[in-house]
Amino acid sequence: IALWTLRSSATQVHQQGIQCERTLCVRRGQVAEHGRTPAVAARMPPAVLLVINLRLGTAPVVHSRGFFRRVWFILKFFRREGMPRVLVPIADASEEIELSCTTDTLVRGGVEVVTASVMPEGRLQVKCARGLTVVADKHIDECCKDEWDAIALPGGMPGAKHLSENAKLTELLKAQVAAGKCTAAICAAPAIVLKAHGLLPASFTHFPAPPLKEKTGAGYSESLVVVYGCVVTSQGPGTALPFGLKL
């Protein structure tokens, strides 16, 4: 976007013809001043001319409304304020592929992701199911008063059990579903967390293990990702990318 704006604005300058009091010409390391744009400057790429004239304050495009509108759009695009916010609770033995792939996909999509540890005594560092150590952005106690566009639960055992047993997270999840906001769970989390607190929808999926299927009962789907109302569920590490894309 920035390159497009620069090239577009530079083309405007080039087409209008730069009649400036001073134009810098770089020739054999010498800097010269000219009342009009010299031939060597005319042969410069439009982007170079724009940079030179913006530096001198002589480019007419800096006074155009369209130029400032595009600059404002770029600043707004890269501004973090107003971005969708997703909470990803984590615990010891959370599944690292589901955690990293989901958060990475969301961040690449322009989403602000906050990881929150549910471990006791405010501990932020967790050790995932395959030994990866992760330091959460916050503790779950700091997230209770915030508004979240989505809450996404990674699986892994007993990571999902730790999530299910946290009272603060349970309150957040119930309020999220009651408000009709996106609530997501993958792998064991739909069966261990959502089912345990009455938040599992009529149609869902989870890790396709027989004990989990027995626990959740009717409504299980073989689909890689299932969206039912405001709840999104998925099967496991191998479906983490489709899960993140769906969110």
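Predicted model only: the values in this text are computed from it and were never measured.

Definitions and limits used
- Residues numbered from 1 in each chain as written.
- Predicted model: local features only at pLDDT ≥ 70, side-chain atom pairs only at ≥ 80, totals over all residues.
- Heavy atoms only, no water.
- Helix = DSSP H or I, 4+ residues; strand = E, 2+ residues; numbered from the N terminus.
- Buried < 20%, exposed > 50% of the residue type's maximum accessible area, 1.4 Å probe, protein only.
- Contact = heavy atoms within 4.5 Å.
- Areas by Shrake-Rupley, 256 points an atom, 1.4 Å probe, with all protein chains shown as cover.
- Salt bridge = Lys/Arg side-chain N within 4 Å of Asp/Glu carboxyl O.
- Pairing = 2+ DSSP bridges.
- Axes fitted to C-alpha atoms, helices over the stretch in contact; angles between N-to-C directions.
- Phe/Tyr/Trp six-rings, centres within 6.5 Å; stacked < 30°, edge-to-face > 60°.
- Expected span 1.5 Å × (residues − 1).
- Polar contact = N/O pair within 3.5 Å; in protein donor to acceptor, adjacent residues only side chain to side chain.
- Right-handed = clockwise from strand over helix to strand, strands pointing away.
- Core = buried A, V, L, I, M, F, W, Y, C linked by side-chain atoms within 4.5 Å.

A tally of regular secondary structure across the protein gives 10 helices and 11 strands. Scored against the burial criterion, the 247 residues of the protein give a buried share of 45%. Restricting to contacts in the protein with at least 6 residues of sequence separation, those with at least 24 account for 63%. Here the protein has roughly 13400 Å² of accessible surface; of this, 56% comes from carbon and sulfur atoms.

For the rest of this paragraph, the subject is the pattern of salt bridges. Under the criterion given, the structure shown has eight salt bridges. Between D141 and K168 there is a salt bridge, and its shortest N-O distance comes to 3.4 Å. Remark: K168 occurs in helix α7 (residues 167-178) and D141 occurs in the loop between β7 (138-139) and β8 (150-153); sequence separation between them is 27 residues. Residue D141 is classed as partly exposed on the basis of its relative accessible area of 44%. K213 is paired through a salt bridge with E222; the nearest N and O atoms lie 3.6 Å apart. By relative accessible area, which is 30% here, K213 ends up partly exposed.

A word on the sheet that holds strand β9 (residues 182-186). Taken in spatial order, the seven strands line up as β7-β4-β3-β8-β9-β11-β10 in an open sheet, and their pairing is mixed. Of all the strands in the sheet, the pair left with one neighbour each is β7 and β10 (225-228). Where β8 meets β9, four bridges bridge the pair, whose relative direction is parallel. Bridge pairing links A152 to A184 in β9. Seen against the sheet, helix α5 (residues 96-108) touches β3 (85-90), β4 (112-117) and β9 and runs at an angle of roughly 155° to β4. Against the sheet, α7 contacts β3, β8 and β9, and its axis sits at roughly 130° relative to β8.

Given two aromatic rings, their pairing is described by the distance between the two centres and the angle made by the two planes. For the structure shown, the criterion picks out one aromatic pair. Plain terms: the ring middles of F204 and Y220 are 6.5 Å apart, the flat faces sit at 65° to each other, and that makes the pair edge-to-face. Separated by 16 residues along the polypeptide, F204 in the loop between α8 (189-194) and α9 (210-216) and Y220 in the loop between α9 and β10 bring together distant segments of the chain.

On to α7. Between its terminal C-alpha atoms α7 stretches 17 Å, which fits the 16 Å expected from 12 residues at 1.5 Å a residue. Looking at the buried side of α7, the elements it contacts are β3, β8, α6 (159-164), β9 and α8. The N-capping residue of α7, defined by a side-chain oxygen 3.2 Å from the backbone nitrogen of K168, is N166. Two residues or fewer after α7 comes G180, characterised by a positive phi angle close to 75°.

A word on the pairing of β4. For β4, the buried fraction is high: six of the six residues fall into the buried class. Going residue by residue along β4, you find E112, V114 and A116 tucked away on one face and V113, T115 and S117 tucked away on the opposite face as well. As paired elements, β3 and β4 share six bridges and run parallel to each other. Across the sheet, residue V86 finds its bridge partner in β4, namely V113. In terms of handedness, the path from β3 via α5 over to β4 forms a crossover that is right-handed. Of the strand pairs in this sheet, β4 and β7 are connected by two bridges, and their pairing is parallel. Of the residues in β7, the one forming a bridge with S117 is H139.

What follows is about the nonpolar core. L87 and L153 are the most contacted members of the largest nonpolar core, which totals 51 residues. The leading source of residues in this core is α8, at five residues. Discounting chain neighbours no more than four positions away, the residues touching L153 are P89, L163, L169, L173, A184, A185, I186, A189, V193 and L194.

What follows concerns the side chain of T239. Checked against the element boundaries, T239 lands in the loop between β11 (231-234) and α10 (240-246). Not counting the four nearest positions on each side in its chain, T239 is found in contact with I186, L224 and S234.

On to unusual backbone geometry, then. Glycine aside, residues mostly have negative phi angles, and peptide bonds mostly take the trans form. Across the junction of M157 and P158, the peptide omega takes the value 5°, indicating a cis bond. Along the chain, P158 falls in the loop between β8 and α6. Positive phi values are uncommon outside glycine, yet A93 reaches one of about 75°. Not every positive phi belongs to a glycine, and C187 is a case in point at roughly 65°.

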